[in-house]
Amino acid sequence: MIFTKQIETPLGGMLAGATDEGICLFDFEYRKMMSSIQKRICTGLDSEMQEGGHKYFDVLEKQIGEYFSGIRKEFDLPLLLVGTPFQKDVWNALIQIPYGETRSYKRQSIALGNEKAIRAVAGANGENGIAIIVPCHRVIGENGSLTGYGGGLWRKKWLLEHEAKHSGKDMQLEMF
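Residues numbered from 1 in each chain as written. Predicted model: local features only at pLDDT ≥ 70, side-chain atom pairs only at ≥ 80, totals over all residues. Heavy atoms only, no water.

A.B. asks: How would you sum up the packing of aromatic side chains? Please name residues and give values.
C.D. replies: Scanning the entire structure with this criterion turns up five aromatic pairs. Aromatic pair Tyr67 and Phe75: ring centres 5.7 Å apart, planes at 35 degrees, arrangement tilted. Each member of the pair Tyr67 and Phe75 is classed as buried. With a centroid separation of 5.6 Å and an interplanar angle of 50 degrees, the aromatic rings of Phe68 and Trp158 are classed as tilted. In this pair, Phe68 is assigned in helix H2 (residues 55-68) and Trp158 in helix H6 (residues 153-167), connecting sequence segments 90 residues apart. These aromatic residues form a ring-pair network of at least three members: Tyr67, Phe68, Phe75, Tyr99 and Trp158. Positioned over the ring face of Phe28 is Arg155, at 4.6 Å from the centre of the ring. (Phe/Tyr/Trp six-rings, centres within 6.5 Å; stacked < 30°, edge-to-face > 60°. Buried < 20%, exposed > 50% of the residue type's maximum accessible area, 1.4 Å probe, protein only. Helix = DSSP H or I, 4+ residues; strand = E, 2+ residues; numbered from the N terminus. Lys NZ or Arg CZ within 6 Å of the ring centre and 35° of its normal.)

A.B. asks: Talk me through the nonpolar core; I want residue IDs and the actual numbers.
C.D. replies: It is characteristic of soluble globular proteins that their nonpolar side chains tend to be buried jointly. Counting 35 residues, the largest nonpolar core has Ile23, Phe26, Leu60, Tyr67 and Ile132 as the members making the most contacts within it. The set of elements that each furnish at least two residues to this core consists of strand S2 (12-19), strand S3 (22-28), H2, helix H3 (85-95) and helix H5 (118-126). With six residues, the top contributor of residues to this core is H2. Beyond its immediate sequence surroundings of up to four residues, Leu60 is in contact with Ile7, Ala16, Ile23, Phe26, Leu77 and Ile133. By size, the runner-up hydrophobic cluster in this structure holds ten residues, among which are Ile2, Leu25, Ile37 and Ile41. (Core = buried A, V, L, I, M, F, W, Y, C linked by side-chain atoms within 4.5 Å. Contact = heavy atoms within 4.5 Å.)

This is the structure:
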């Protein structure tokens, strides 16, 4: 069973999902892709979602609270990434982007060993169902533009500015 819980954040309500293996979902509850992400997770785990408590929700709420207060820069809770091998590679590469820094889709493609996979990397970023913790918000356009974010560009900008403020790093962000 995949247990779910709605968690309020400064950026709005987010839906969390957990199994005994880890957090498998943490995304903005009204995101356009939410139903397809939930379906992928349920199919991949051959399970159903049901609202209820889980021991990982306490850890998640504590760590996400610390993140929003500017204290936590890295998460250390168990994650269960549910997707294709390529998607998992992309998501694991996202986790490697340091707090307060950004990478272009091209640079992420190169890090994954295929510079021409920019669109595939962008597609996998868009399928990420563990927002903030798997920081797809840290991937931007080659020219520094804020391109695409399932939670909305205003949230992406907020997250990057939040991280810049608490990391002491200066980021010049452009909305396109």
